[in-house]
Amino acid sequence: MLGLIVRRFFQLLILLIGISLIVFMSMHLAPGDPAAIIGGPTASESDMEAIREDLGLNKPVLVQYFDYMKGVVQGDLGYSYQTNQAVTAAIITRFPNTFNLAIASMIVAVVIGVIAGIISAIKQNSWFDLSSTTIALAGISIPNFWLGSMLILVFSVTLGWLPVGGLNAPFYTLEGMKQLILPAITLGTASAAMIARMSRSTMLEVVRSDYIRTARAKGVKEKSVIWLHALRNAMIPVITVIGVNFGSLLGGTIITEQVFAINGIGRLMIDGIASRDFPVVQGTVLLVAALFVIVNLIVDIVYAMVDPRISYE
Amino acid sequence: MNNKMKVFLFILLSVVLVTGCSNPSNSDNASENGEKAQEITYASTSDVVGLSPIDTNDSVSNNMIKQIYETLFTRNPETMEIEPLLAESYENPDKNTWVIKLKEGITFHDGTDFNAKAVKYTFDQFVDPDRAAPRASLLEPIKSVEVKDKYTVVIHTKYPYGALLAALSHQNAAIVSPQADKEGDLNKNPVGTGPFVFEEWVQGDHVTLKGNPDYWQGQPKLETVTLKVVPEYSTAVSMLETGEVDFIDGLPSEQLSRIQSIENAEIQKQAGTPVYYLGFNMEKEPFNDLAFRQAIAHALNTDVYVEQLNGLGIQNDSIVGPKVFGYKEEAKDAGYDYDPEKAEQMLKDNGYADQEITLLAANTGSYLKMAEIVQAQLSEIGLNVNIEQMEWGTFLDTTREGNFEITFMGWTNSTGDGSELLYPNLHSDNIGGSNRLRYNNEEFDQLVDESRTNVNEDERLESIHKANMIAIEDAVMIPMNHGVVSAAYLDDVKGLKIDATGQWKLYSVSRE
């Protein structure tokens, strides 16, 4: 296991260097001048020249890259061109929001997805199976911004049960939980649908396998057959789906954060791109890439825990 | 299995009930003794960039800066006349010298004295190249600032500068506490003389201000002012509906009917200073040919576009809008009448029939809508019209480099002075910079120069008007609409007044 972690760590380093180079170059080569955006349409050429000089944008791109990487190695992700705030600080303020939202939506997704998937599998072709597969299809197809807006209209504007947006109360308070419900459902729906479909099909496969037939023949109770014997093996592909989904949720979910006015990583990144705030974009992309790799590592470790046949020694 | 499902359903239901029974946050406006809490929350689609007037140049930051800091002069929102604010009076011993007497007894929020030294410090910082103030060009005509006595400053300009008072009324020229600026970062810890004191800024989420009990004009009624970042406009409208925010502005025309349907919300609309226009690249063929531009002007029926704005726009042929200094009624219909047949004939006569043209539109605001309507109208006279969409940052670059044929832009006229519209946008000094249309007309330049270097207001008005008429006749930019500034707020918000530039001050606002 330790070998796996060390190996992954080196892979992560190489990956991050590659990503930083690609992002840095593509941001600098893409059209759009940070100085023009900071100066606004009213800025004169001399205003913008002064801003470029101030930000060091007049240096050759490669020199700028190495200057940047020197900082990164020391844990300094640079300063935002727009607000002059440290990028690390900007990430630290926003990450908890994204993290809480990701956890909450994964809870929604896993609880609904796994339960619906398993029931569908056990009661294949029943009305429950039919309706849950239909709903799952709809869940995957419905765009987030539409679902989010509809939830706001129904539960906030019409019924007045939940706040429209914002995520500033701590998640363990009632206010914080209320703020999390709608965005978590919005985000969790698509993942729930995916997980439901995945658990249904793997469960169907597993219940037809020999060892389940053996268990049943031995007279093990149906409940134990499903929840103890079958579920564990059916979960391997499901864990992969959960891992991938969770990784991308941690990277910030631009549309949901936008609709629910959540101050998260996704919005930090999209605002950074729009204002050509290179250090912010760099910093968030590196973070997202690192998180993705880490989540996948955790998924691999969980495999070994769930399925004793998998070993990394 | 069934039992487990029951338990699960029970938990789910109880969660829904618990959250459903407690009241949502909109009822916490009333304090214990039944009086309304003097608080206001404003929803903004983007966050402030910073809170230093010297180091920022965007309208969102200005909305907050305007509550914290004050300028020497201010434009009266009713009359559009410039009046002293932190200044007491001024005189011009000669055309290059402005002696400004300051009000006495005003202190900054940090307790330091507002005086001539603070004014000098602010303006010196503003034009210091090392500071790289984004709007440094605003005070570029200032040669030096001299402290005559404790409460008198003398501003020497490089040349007679007529729009100086308008520039000094601009929010970016607000006076900052020198001590606060030297000791910290004004962007994060702003210190001014205004009615509200900075409390907190959680980047990307909110800015909070508190009423200044020592404000020199008397304590404001509002105790707390919050700017809440709500990037999605329709979410902001929902929040207004539920009372999570009290006030939104810059209403988009497509949301107007929904906002009007909110029972306890009021809408304020008035003619404003912004202008949105179609512009030609004057260095490209055939757009540099007056006959071609005239044909296009004849083909455009801007009334059709203005109707789409549901009352949030005004049609007027003048480039300098009716609320901007330099406008004269004569300019209103000075443009080219809608006459598609004449337009088609002109194209044929000049060999431009079937000409292929590309409209460049930024994918923000109403620019795409403008492009679509113009595309339809120009297709009717036989032109082959394409639309190219662009993201804002790329658009700014592309247009500055002159890589377009026809495009759409806007100008907010935040100083309310016509020379501050004509000089950056159309004067040949600024080709390659803010004169994106690359208009180069000596006679026009001369008139604009006159309007800038003259301190006589009547003569200035005349010069701006004449320059305006030349530009209209040259059909270099065709106004699509003049802006209507707007806001919507809950009906217990009293005393809110948006000015013609779309900005507002919360000093006299209260909740009743």
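Conventions and cut-offs
- Every chain is numbered on its own, with residues counted from 1 as its sequence reads.
- The naming scheme follows written order: chains are lettered A onward, ligands numbered 1 onward.
- At least 70 in pLDDT is required for a residue's local features to be given in this predicted model, at least 80 for side-chain atom pairs to be given and counted, and no such filter applies to totals for whole chains, interfaces and linings, which use all residues.
- Hydrogen atoms and water are omitted, and side-chain values are computed over all heavy atoms in the structure.
- UniProt positions are given in the numbering used here, feature names are shortened, and annotations may be inferred rather than shown by experiment.
- What counts as a salt bridge is simple: a side-chain nitrogen of Lys or Arg found within 4 Å of a carboxyl oxygen of Asp or Glu.
- Burial status follows relative accessibility: with a 1.4 Å probe on protein chains alone, a residue under 20% of its type maximum counts as buried, one over 50% as exposed, and anything between as partly exposed.
- Here a strand is any run of E in DSSP of at least two residues, a helix any run of H or I of at least four, and the numbering for each starts at the N terminus.
- At least two DSSP bridges between two strands are needed for those strands to be called paired.
- Whenever a helix is involved, its axis is fitted only over the stretch in contact; in every case the axis is a line through C-alpha atoms, and angles between N-to-C directions fall within 0 to 180 degrees.
- Note on definitions: a residue-residue contact is assigned when non-hydrogen atoms from the two residues lie within 4.5 Å.
- Each of two parts loses accessible area, computed with a 1.4 Å probe, when they are put together; buried area is these two losses added.
- We define a polar contact as two N or O atoms separated by no more than 3.5 Å, with the added condition that, inside protein, one atom must be a possible hydrogen donor and the other a possible acceptor, whereas residues neighbouring each other in sequence contribute only through side-chain atom pairs.
- Candidate patch residues must exceed 30% relative accessible area and have no salt bridge, after which like charges are joined if within 9 Å and Val, Leu, Ile, Met, Phe, Trp or Tyr side chains if within 5 Å.
- Where accessible areas are quoted, they stem from the Shrake-Rupley method and a 1.4 Å probe; at the residue level, only the protein chains shown are allowed to cover.
- Counted as positive: Lys and Arg. Counted as negative: Asp and Glu, with His and the chain ends omitted from the count.
- A charged residue contributes its charge at one atom only: NZ of Lys, CZ of Arg, CG of Asp or CD of Glu.
- Where each domain starts and ends comes from a domain assignment, either automatic or drawn from a database.
- Residues belong to one nonpolar core when they are buried, are Ala, Val, Leu, Ile, Met, Phe, Trp, Tyr or Cys, and are joined through side-chain atoms within 4.5 Å.

The name given to chain B in an unreviewed UniProt entry is Peptide/nickel transport system substrate-binding protein, and the organism recorded there is Salinibacillus kushneri.

Looking at an unreviewed UniProt entry, one finds chain A named Nickel import system permease protein NikB, with Salinibacillus kushneri as its source organism. Under Subcellular location (unreviewed entry), UniProt gives the following word-for-word description of chain A: "Cell membrane". What UniProt states about chain A under its Sequence similarities (unreviewed entry) heading is, verbatim, "Belongs to the binding-protein-dependent transport system permease family. OppBC subfamily."

Engineer: Hey, could you run me through the pattern of salt bridges in this one?
Structural biologist: Where charged atoms from two side chains of opposite charge approach closely, those side chains can pair. Taken as a whole and assessed by the stated rule, the structure comprises 27 salt bridges over all chains. Close ionic contact of Arg216 of chain A with Glu222 of chain A constitutes a salt bridge, the shortest N to O distance being 2.9 Å. Residue classification places Glu222 of chain A among the partly exposed residues on the basis of a relative accessible area of 38%. One salt bridge in this structure joins Glu241 of chain B and Arg258 of chain B, with 3.4 Å as the shortest N-O distance. Pair noted here: Glu241 of chain B is in helix H6 (residues 233–242) and Arg258 of chain B is in helix H7 (residues 256–260), with a separation of 17 residues, a long-range link. Using a relative accessible area of 31% as the deciding quantity, one classes Glu241 of chain B as partly exposed.

Engineer: Explanation requested: the sheet that holds strand S5 (residues 97–102) of chain B in the structure shown.
Structural biologist: What holds strands together in a sheet is hydrogen bonding between their backbones, with the strands either parallel or antiparallel. All names here are of chain B. Taken together, the 4 strands give an open sheet; going across it, the order is S4-S5-S7-S6, and neighbouring strands pair in antiparallel fashion. For this open sheet the edge positions go to strand S4 (87–94) and strand S6 (142–149), each flanked by a neighbour on one side alone. Mean inter-strand twist for the sheet, computed between neighbouring axes without regard to direction, equals 20 degrees. Direction of pairing for S5 relative to strand S7 (residues 152–157): antiparallel, over a ladder of 5 bridges. What sits directly across from Lys101, in S7, is Thr152. In the packing of helix H3 (residues 116–127) onto the sheet, the strands contacted are S5, S6 and S7, and the crossing angle to S6 comes to about 165 degrees.

Engineer: Could you clarify how one ought to interpret the UniProt feature "domain: Solute-binding protein family" (unreviewed entry) in chain B in this entry?
Structural biologist: In the numbering used here, UniProt assigns the feature "domain: Solute-binding protein family" (unreviewed entry) to residues 81–432 of chain B. Structurally, residues 81–432 of chain B is divided into 28% helix and 26% strand, and its ends, taken at the C-alpha atoms, are 33 Å apart.

Engineer: I keep staring at the interface of chain A and chain B and nothing clicks. Help me out?
Structural biologist: By convention, interface size is frequently given as the accessible area that disappears when the constituent parts associate. Contact residues are listed per partner, giving 50 residues for chain A and 48 residues for chain B. For the pair chain A and chain B, the two sides together bury roughly 4100 Å², of which 57% comes from carbon and sulfur. Linking chain A to chain B there are 2 salt bridges. For Arg400 of chain B, the salt bridge is made with Asp33 of chain A, and the minimal N-O distance between the two is 3.8 Å. In this structure, the connection of chain A to chain B is made through 10 residue pairs in polar contact (both at pLDDT 80 or more). Looking at the side of chain A that touches chain B, the elements with two or more residues in it are helix H2 (34–39), helix H3 (45–55), helix H5 (87–122), helix H7 (144–158), helix H8 (174–207), helix H10 (222–250), helix H11 (254–259) and helix H12 (265–274) of chain A.

Engineer: Looking at this structure, I do not really get the environment of Ser238 of chain B. What am I missing?
Structural biologist: For Ser238 of chain B, the location among the structural elements is in helix H6. The class of Ser238 of chain B is buried, set by a relative accessible area of 4%. Ser238 of chain B has contacts with Ile152, Val157 and Val164 of chain A together with Arg258 of chain B, leaving out every residue within four places of it along the chain.

Engineer: How do you make sense of a negative patch on the surface when you look at a structure like this?
Structural biologist: Residues and elements named next belong to chain B. On the surface, Asp429, Asp449, Glu450, Asp458 and Glu459 cluster together into a negatively charged patch. Elements supplying a minimum of two residues to the negative patch: helix H14 (442–452) and helix H15 (457–473). Relative to the elements of secondary structure, Glu450 occurs in helix H14. With relative accessibility at 37%, the residue Glu450 sits in the partly exposed group.

Engineer: Teacher, can you tell me more about the domain arrangement of chain B here?
Structural biologist: Residue and element names in this part refer to chain B. The domains assigned to chain B are domain 1 (37–246 + 492–511) and domain 2 (271–483). Each of domain 1 and domain 2 has a C-alpha centre, and the two are 31 Å apart. Across the contact, 15 residues belong to domain 1 and 19 residues belong to domain 2. Both faces combined, the contact of domain 1 with domain 2 buries some 1400 Å², and carbon together with sulfur accounts for 56% of it. Counting the surface domain 1 buries against domain 2, the share from its top three residues, Gly162, Ala500 and Thr501, is 29%.

Engineer: Explanation requested: the environment of His229 of chain A in the structure shown.
Structural biologist: You can see His229 of chain A is positioned in helix H10. With residues near it in sequence (within four places) discarded, His229 of chain A still touches Tyr211, Ile212, Val220 and Ser224 of chain A.

Engineer: Please explain the nonpolar core as it appears in this structure.
Structural biologist: Note on soluble globular proteins: their nonpolar side chains tend to be buried together. Counting 197 residues, the largest nonpolar core has Leu72 and Ile248 of chain B as its most contacted members. Three or more residues apiece are contributed to this core by two domains, here domain 1 (37–246 + 492–511) and domain 2 (271–483) of chain B. Residues in contact with Leu72 of chain B, not counting those within four places in the same chain, are Pro84, Leu85, Leu86, Ala87, Ile100, Leu102, Phe114, Val119, Phe123, Leu168 and Ile175 of chain B. Of all hydrophobic cores here, the second largest spans 32 residues; its members include Met48, Ala90, Val288 and Ala289 of chain A.

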